[in-house]
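# Architecture and fold: a report
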Amino acid sequence: YKVIFAYLFMKEGARGRLNEFVARLFLNSRFDVLLILVLITLSVGTVFYSKVEGWSVLDSLYFSVITLSTVGYGDLSPVTSFGKFFTIFYIIAGIGILLGLINFITDEALRYKIRGKSEKKVREEAVNVIKERKAEKRELAKRKKRKKLF
């Protein structure tokens, strides 16, 4: 599946920097683990709230997402004691997992941006060295001409 996701983002005609970055994320095993943990966390919350609180699957997923994203609109809240108790630990564990994924994506984005700048900087330095050498050769040629004239 990694190759399929990478292919979808890297296919012909869609080779932008964002697509390349997303494809690299999907090829990273650490990203896979974090993404799977987030999906499992959302699934556990969805199943729990639909069974214990009696909410629909959509309402349960909605509550899980807004809880882990710390939005918390307040339109839904657990009524049962067990639901409230579960929510305490769900928030602590879930936010940690979600922040781990966000942190990883941010780190990779910074590395990708720095890597891109580094490559650009290396190219610029190489161009500058070539220009300097050409200027030195021109100056040397001018000096040789002056010596011949005298």
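For the structure itself, consult the block above.
In this report, we go over the structure that sits alongside the text. (Residues numbered from 1 in each chain as written. Predicted model: local features only at pLDDT ≥ 70, side-chain atom pairs only at ≥ 80, totals over all residues. Heavy atoms only, no water.)

## Describing the nonpolar core
As a reminder, the rule being used: By nonpolar core is meant a set of buried Ala, Val, Leu, Ile, Met, Phe, Trp, Tyr and Cys residues that side-chain atoms within 4.5 Å join together. Each residue is placed in one exposure class: buried if its accessible area under a 1.4 Å probe, protein chains only, is under 20% of its type's maximum, exposed if it is over 50%, and partly exposed if it falls in between. Here a helix means four or more residues in a row that DSSP labels H or I, a strand means two or more in a row labelled E, and each is numbered from the N terminus. Contacts are residue-level and defined by heavy atoms, with any inter-residue pair within 4.5 Å sufficient.
Ranked by size, the top nonpolar core spans 19 residues in total, and within it Phe31, Tyr49 and Tyr90 carry the most contacts. Counting residues per element, the ones that place at least two in this core are helix H2 (17-26), helix H3 (29-52), helix H4 (57-68) and helix H5 (81-149). It is H3 that provides the largest number of residues to this core, a total of 6 residues. Setting aside its immediate chain neighbours within four residues, Phe31 contacts Leu25, Phe26, Leu101, Phe104 and Ile105.

## Structural notes on the packing of H3 against H4
Definition in use: Structural elements are reduced to axes, namely lines fitted to C-alpha atoms, with helices fitted over the stretch in contact, and the angle between N-to-C directions of any two is expressed from 0 to 180 degrees. Roughly parallel refers to an angle under 35 degrees, roughly antiparallel to one over 145, roughly perpendicular to one between 65 and 115, and oblique to any angle outside these ranges. Two helices crossing with the near one rotated counterclockwise from the far one by less than a right angle form a left-handed crossing, whereas a clockwise rotation gives a right-handed crossing. The classification used treats Ala, Val, Leu, Ile, Met, Phe, Trp, Tyr, Cys and Pro as nonpolar, Asp, Glu, Lys and Arg as charged, and all other residues, Gly among them, as polar.
The geometry of H3 relative to H4 is characterised by a closest axis approach of 8 Å and an angle of 130° between their N-to-C directions. Considering the angle they form, H3 stands oblique to H4. You can see that H3 and H4 cross each other, and the crossing is right-handed. Contact with H3, carried on its side by Thr41, Leu42, Gly45, Thr46, Tyr49 and Ser50, involves Val57, Ser60, Leu61, Phe63, Ser64, Val65 and Leu68 of H4 and no other residues of that element. Split into classes, the residues belonging to the contact of H3 with H4 amount to 7 nonpolar, 6 polar and no charged.

## A short note on the side chain of Thr41
Topologically, Thr41 is positioned in helix H3. A relative accessible area of 13% means that Thr41 is categorised as buried. Excluding residues within four positions of it along the chain, Thr41 makes contact with Leu68, Tyr90, Gly94 and Ile97.

## Digging into unusual backbone geometry
Here Thr70, not a glycine, exhibits a phi torsion of approximately 60°, which is positive. Positionally, Thr70 belongs in the loop between H4 and H5.

## Re H4
So the rule is basically this: Helix span is expected to be 1.5 Å times the residue number reduced by one.
Between its first and last C-alpha atoms H4 spans 16 Å; for 12 residues at 1.5 Å apiece the expected length is 16 Å, and the two agree. Positive backbone phi, at 60°, marks Thr70, one or two positions downstream of H4.

## Thoughts on H3
To be explicit about the condition: In the analysis that follows, any N or O atom pair within 3.5 Å is treated as a polar contact, provided that within protein one partner can donate a hydrogen and the other can accept it, and provided that, for residues neighboring in sequence, both atoms belong to side chains.
Its 24 residues place the ends of H3 34 Å apart at the C-alpha level, agreeing with the 34 Å of an ideal helix rising 1.5 Å per residue. By the burial criterion, the buried members of H3 are Phe31, Asp32, Leu34, Val38, Thr41, Leu42, Gly45, Thr46, Phe48, Tyr49 and Ser50. Put simply, Asn28 is the residue that caps the front of H3, since its side-chain oxygen is 2.9 Å from the backbone nitrogen of Arg30. Where H3 ends, the next residue or the one after it, Gly54, has phi of about 75°, a positive value.

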